Protein chains: 2
Amino acid sequence: MLFRQFFDAESSTYTYLIASGVGREALIIDPVKAQVPQYLQAIRELDLKLVRAIDTHTHADHVTGLGDLREATDCITAMGEFTRAECVNEAVREGDMLDVDGVKLEAIYTPGHTDESFSFVLDPLKPKAVFTGDVLLIRGTGRTDFQGGDAGKSWDSIVDKLFRLPDDTLVYPAHDYKGWTVSSIGEEKHHNPRLAHSTRAQYIELMNGLVLSNPKLMDIAIPANLACGKLSKAA
Amino acid sequence: MLFRQFFDAESSTYTYLIASGVGREALIIDPVKAQVPQYLQAIRELDLKLVRAIDTHTHADHVTGLGDLREATDCITAMGEFTRAECVNEAVREGDMLDVDGVKLEAIYTPGHTDESFSFVLDPLKPKAVFTGDVLLIRGTGRTDFQGGDAGKSWDSIVDKLFRLPDDTLVYPAHDYKGWTVSSIGEEKHHNPRLAHSTRAQYIELMNGLVLSNPKLMDIAIPANLACGKLSKAA
C-alpha cells in the first residue's frame with residue numbers, strides 16, 4: 001500500500017494520501033487548501049488518479065483543499081451525512097464502505113468535536129488504522145465547545161466506538177501540536193491523560209471547564225469550508 | 001514492528017524511534033535535545049528499553065539528544081567512525097550490522113553533506129527503509145558547503161550507494177521543510193529535481209553555486225553536538 005502523511009505547519013494539520021500502489025486510484029483525507037500544490041505534485045509523481053477527497057468534519061482552523069482538488073482532478077468530495085457543506089458530492093453514512101481501487105475504508109459517525117464528525121477505519125475486516133479527525137488526538141481530544149461540539153458525545157464516540165477497535169490499530173489524527181505523527185488505540189486507552197483514568201462525568205466536567213480562545217482562522221475557515229474551501233471575494 | 005516518526009518544528013527535524021514491538025528494546029535515530037522529554041514519554045508508555053541512540057552525522061541546525069538520552073536511559077550512543085564527537089560510545093563502520101532485539105540496521109558510509117555522514121538501511125536483506133540523514137532529502141539533497149561537505153561525494157553516496165537500493169525502499173530523511181514525511185528510492189531517482197535529469201558534473205556545479213546562509217543555531221549546535229548535546233556553560 002502507498003501511504004503518505006503530509007504536515008501543514010501553519011495549522012499543524014495532518015493529511016493522508018492513500019492508494020493500493022503507485023499508478024492506482026487514490027483518496028485523500030483532510031487536505032489543506034494551501035498545500036494542494038504539494039498533494040498534486042505527489043499525485044502526479046506517483047502516477048496516481050485522485051478519485052475521492054474526504055474531510056472528517058468542517059474544520060475551523062484551516063481552509064479545506066476539497067474544492068481545489070475537485071477542480072484540479074475531478075475527484076468526488078465526500079463528508080459525513082450531517083455536514084452543512086452543500087458543495088460536497090457524496091454524503092457518507094455510518095457503516096458505509098468506501099473502496100478506492102482496493103483501499104477499503106469504513107465510515108463511523110463520531111460526533112463530539114463537532115456534531116458532524118466522522119472517522120474512517122482502514123481495512124475494517126482487520127483494522128490497520130483509523131483516521132480520527134479531531135475527535136481523538138494523540139494523548140488528547142478535540143475541543144467540544146463549538147460547531148455542535150458535546151463532551152458527552154465525544155466520550156461516547158471515543159470510548160464506545162473507537163476504543164472497540166483492536167489495540168494495535170494505528171491512530172492517525174487530523175492534528176498534532178507536539179511532533180507526534182501516529183499513535184495506537186491501545187496507547188490512547190492507557191495513556192491519553194483525558195481518558196485513561198477518568199469517568200464519563202469527569203471527562204465532561206474537564207472538557208466543559210476548558211477555556212479556549214477561538215482558532216485564529218475560524219471566521220474565515222468555517223464559511224470557506226462550507227463552500228469546499230472557496231474563499232468569498234470579501235475575504 | 002513499532003515505528004514512530006517525531007517532528008521537531010523548530011528545526012524541521014525528523015527523529016525515528018524503532019523497536020520490534022511494544023515492551024522490547026528500541027533504538028532512536030537523530031534525536032533532538034529539546035524533544036527528549038517527548039521521546040522518554042513514548043519510551044515509557046510503549047514500555048520500551050532504549051538501548052541505542054544514533055546520530056547520522058554532526059548536525060549543524062539543532063542540538064542532539066544523544067547525551068541526555070544516554071543519561072536518562074543508559075543507552076549506547078552511536079555515530080559513524082569518522083565523527084569528531086569523542087563522547088560517542090560506539091563508532092559504526094561501513095557494512096556494520098546493528099541488531100536491536102530483532103530490528104536490523106546496516107550502516108552505509110554516505111559522505112557529501114558532511115565527511116562523516118552515515119545512512120542506515122532497515123532490514124538490509126530485503127530493504128524496507130533507509131534513514132538518510134541530510135545526504136538525501138525528499139526532492140532535495142543536503143547542502144555540501146561546510147563540515148567537510150563535498151558535492152561530488154554527495155552525488156556518489158546518493159547515486160552509487162543509496163540508489164542501488166530497491167525502488168520501493170522508503171526514504172526517511174532527517175529533515176523536511178515542506179510537510180512531506182517520507183519518500184522512496186524510486187521517487188527520488190525519478191523526481192528529485194537536483195538528481196533526476198543531471199550529470200555528476202551538473203550536480204556539482206549546482207551545489208557549489210548555491211549561496212546559503214549558515215544555520216542560525218550552527219555556532220551553538222556544532223560544539224554542543226561534538227559533546228553529545230551538552231551545552232557549554234557560556235552558551
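Caption draft 1: Structural view of the pattern of salt bridges. Throughout the structure, instances matching the rule amount to 36 salt bridges over all chains. Across the salt bridge formed by Arg93 of chain A and Glu81 of chain A, the nearest N and O atoms sit 3.7 Å from each other. Here the residue Arg93 of chain A occupies a position in the loop between β6 (90-92) and β7 (97-100), and Glu81 of chain A occupies one in the loop between β5 (76-80) and β6, the gap between them amounting to 12 residues. Residue class for Glu81 of chain A comes out partly exposed when judged on its relative accessible area of 31%. Glu187 of chain A is the salt-bridge partner of Arg139 of chain A, the closest N and O atoms lying 2.7 Å from each other. Here Glu187 of chain A lies in helix α4 (residues 185-191) and Arg139 of chain A lies in the loop between β11 (136-137) and β12 (140-141), a separation of 48 residues in the sequence. Side by side, Arg139 of chain A and Glu187 of chain A carry an identical accessibility label, which is buried. Beyond isolated ion pairs, a larger network of salt bridges with shared partners links Arg4 and Glu45 of chain A together with Arg139, Glu187 and Glu188 of chain B.

Caption draft 2: Broad picture of the relation of the copies chain B and chain A. Superposition record for chain B on chain A: RMSD 0.0 Å, screw rotation 180°, translation along axis 0.0 Å. Given the turn and translation reported, the copies of this chain are related as if by a two-fold rotation axis. Within chain B, Ala9 of chain B has its C-alpha nearest the rotation axis, a separation of 3.9 Å. Of all interface residues in chain B, 100% are interface residues in chain A too; the two copies therefore contact each other through one and the same surface.

Caption draft 3: Main features of the pairing of strand β2 (residues 13-19) of chain A. All names here are of chain A. For β2, the buried fraction is high: 7 of the 7 residues fall into the buried class. Pairing of strand β1 (residues 2-8) with β2 involves 7 bridges; the strand directions are antiparallel. Each residue of the ladder has a partner; that of Phe7, found in β2, is Tyr14. Adjacent in sequence and paired antiparallel, β1 and β2 are bridged by 4 residues, among which Ser12 carries a positive phi angle near 55°. By the bridge criterion, 4 bridges tie β2 to strand β3 (residues 25-29) in an arrangement that is antiparallel. Within β3, the residue paired with Ala19 across the bridge is Ala26. Hairpin connection between β2 and β3: a loop of 5 residues separates the two successive antiparallel strands, and Gly23 in this loop has a positive phi of roughly 85°.

Caption draft 4: Layout of the side chain of Asp134 of chain B. Residues and elements named next belong to chain B. Residue position: Asp134 is located in the loop between β10 (129-133) and β11 (136-137). Polar contacts involving the side chain of Asp134 include one to the side chain of His175, which spans 3.5 Å. Non-local contacts of Asp134, meaning those with residues more than four positions away in its chain, are made with His57, His113, Thr141, Gly142, Ala174 and His175.

Caption draft 5: Representation of the state of the cysteines within the structure. Residue and element names in this part refer to chain A. In this structure the tally under the stated criterion is 2 disulfides over all chains. Linked covalently through their sulfurs, Cys87 and Cys228 form a disulfide whose S-S length is 2.2 Å. Across the S-S bond linking Cys87 and Cys228, the dihedral sits near 95°, which makes this disulfide right-handed. With Cys87 in the loop between β5 and β6 and Cys228 in the segment after α6 (218-226), this residue pair connects regions lying 141 residues apart in the sequence. Here Cys75 is not cross-linked by a disulfide; its sulfur's nearest cysteine counterpart is in Cys228, at 9.6 Å.

Caption draft 6: How the structure looks around the nonpolar core. In terms of nonpolar packing, the biggest core is built from 44 residues, with Leu105 of chain A together with Leu105 of chain B touching the most fellow members. Contacts of Leu105 of chain A, omitting those with residues within four sequence positions, involve Leu27, Ile29, Ile54, Asp96, Met97, Leu98, Phe120, Val121, Leu122 and Phe131 of chain A.

What counts and how
- Residues numbered from 1 in each chain as written.
- Chains lettered and ligands numbered in written order.
- Predicted model: local features only at pLDDT ≥ 70, side-chain atom pairs only at ≥ 80, totals over all residues.
- Heavy atoms only, no water.
- Salt bridge = Lys/Arg side-chain N within 4 Å of Asp/Glu carboxyl O.
- Helix = DSSP H or I, 4+ residues; strand = E, 2+ residues; numbered from the N terminus.
- Buried < 20%, exposed > 50% of the residue type's maximum accessible area, 1.4 Å probe, protein only.
- Least-squares fit on C-alpha atoms with pLDDT ≥ 70 in both.
- Contact = heavy atoms within 4.5 Å.
- Pairing = 2+ DSSP bridges.
- Polar contact = N/O pair within 3.5 Å; in protein donor to acceptor, adjacent residues only side chain to side chain.
- Disulfide = S-S within 2.5 Å.
- Core = buried A, V, L, I, M, F, W, Y, C linked by side-chain atoms within 4.5 Å.

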